[in-house]
Amino acid sequence: MGQNSITCDTKTIQKMKEYYNTYLENTPPYAVFRAKTQQAAITAYQSGKVLFQGDKAAEEARKWGGDTHANSKKKAAKPTHEKQPPSTLFQANHIGSDESGTGDYFGPITNCAVFVKHEQMALLKEIGVQDSKTLTDEKIKELATYLVEMELPYSLIVLKNEKYNELQSKKWTQGKMKAMLHDACIKNVQAKIQQEESSGILIDQFCMPHVYEKHLASEGRKLDPHTYFMTKAENHSLAVAAGSIIARASFVQEMEQLSDMAGMPLLKGASGKVDIQIAKIIRSKGEAFLSSIAKIHFANTKKAKNLL
Ligand code: MN
């Protein structure tokens, strides 16, 4: 069941009440009115919040200026910034960049930037390029192979665990590692497409742009002025979606190799199940072995040692 909420002034809420006049139900506490139509249940609160619930909640909210993607749970005001992409970027030639593996105890961080031209977008959509998080590993591998065969200009960098742990011990935050990976991949792609017209670069946002810029500056790098940041960018940009697929496919492949080294199929994520697996590995291979297959600063290492 869908759920959307918008905030309205009292005038609009009165207008709504009139509009839903024939559908009014008992008014719950703190509410101005409640109505139930075929489309949705609508509850307007004294706070100005109006809640739409039901299969057509988004459609109903939109009548009143609601954002169709809005979900009341996710709608907590996010700090915004000036580097949001113009909506024209998604259809124009552009570079998209995304990473994978940052939340997984085992395995590297992989990052991929891809250049996609306007005329390639229909095909990418057709073959099912979308957010890698919604695809199975098999589908990701298949799509990544296809993308590579299409000869899209791309750059993939794998930050292996040894290097990750070394940088981490030098006080690099994961945010800085990610920023430098995005930056390096983008630079590589730009070098490949010199002649091509590009409307800009879109990074799947993992931190505020000024923080990203600070990381770059700490390594003597500057942000390209046509760089944009957006959360969930893979849902809007086929270039970011393509990057997320290649990065994920690489992560999956790396995990298969590390699993062979560890002698067991390594788990993704960083749950309690992972702690148990880590303990097993420490028993069979020794703790030092972890630094070549895992992000050892994660709290999981300590928790696993408590299990020994
Ligand atoms: Mn991402």
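Keep in mind it's a predicted model, so treat the numbers as computed, not measured.

Here we take up the pairing of strand β3 (residues 31-36). One ladder, built from two bridges, connects strand β2 (residues 24-25) with β3; its direction is antiparallel. Paired with Glu25 across the two strands is Arg34, which belongs to β3. In textbook terms, the turn of a hairpin is the stretch between consecutive antiparallel strands, and for β2 and β3 this stretch comprises five residues, one of which, Tyr30, has a positive phi near 65°. Strand direction decides the pairing type here: β3 and strand β4 (residues 41-45), joined by five bridges, are antiparallel.

This part is about the domain arrangement of the chain. The assigned domain composition of the chain is domain 1 (2-70), domain 2 (87-257) and domain 3 (265-305). On a C-alpha basis, the centres of domain 1 and domain 2 stand 40 Å from each other.

Scanning the entire structure with this criterion turns up eight aromatic pairs. Consider the rings of Tyr19 and Trp64, whose centres lie 5.4 Å apart with planes at 85°: the pair is edge-to-face. Here Trp64 lies in the loop between α2 (57-62) and β6 (94-100) and Tyr19 lies in helix α1 (residues 10-19), a separation of 45 residues in the sequence. Note on Tyr19: relative accessible area 45%, which makes it partly exposed. Note on Tyr105 and Phe106: the rings are 4.9 Å apart at their centroids and 80° apart in plane angle, and the pair reads as edge-to-face. Across the pair, Phe106 and Tyr105 agree in class, each one buried. One aromatic cluster is present, formed by Tyr19, Tyr20, Phe33 and Trp64 through successive ring pairs. The positively charged end of Lys176 is found above the aromatic ring belonging to Trp172, 4.3 Å away from the centroid.

The rules behind these values
Note on numbering: residues in each chain are counted from 1, in written sequence order. In keeping with the predicted nature of the model, local features appear solely for residues at pLDDT of at least 70, side-chain atom pairs appear and are counted solely at 80 or more, and the whole-chain, interface and lining totals rest on all residues. To obtain the side-chain values, all non-hydrogen atoms of the structure were used and water was disregarded. Strands are treated as partners if at least two bridges between them are detected by DSSP. Numbering goes from the N terminus for both helices and strands, where a helix is a DSSP run of H or I of at least four residues and a strand is a run of E of at least two. Start and end points for every domain follow an automatic or database-based domain assignment. In this analysis, rings of Phe, Tyr and Trp, with Trp reduced to its six-membered ring, are considered paired at centre separations within 6.5 Å, and the interplanar angle assigns stacked below 30 degrees, edge-to-face beyond 60, and tilted for intermediate values. Using a 1.4 Å probe on the protein chains alone, a residue whose accessible area is under 20% of its type maximum counts as buried, one over 50% counts as exposed, and one in between counts as partly exposed. Charge-over-ring placement is defined geometrically: NZ (Lys) or CZ (Arg) within 6 Å of the ring centre, and within 35 degrees of the ring normal.

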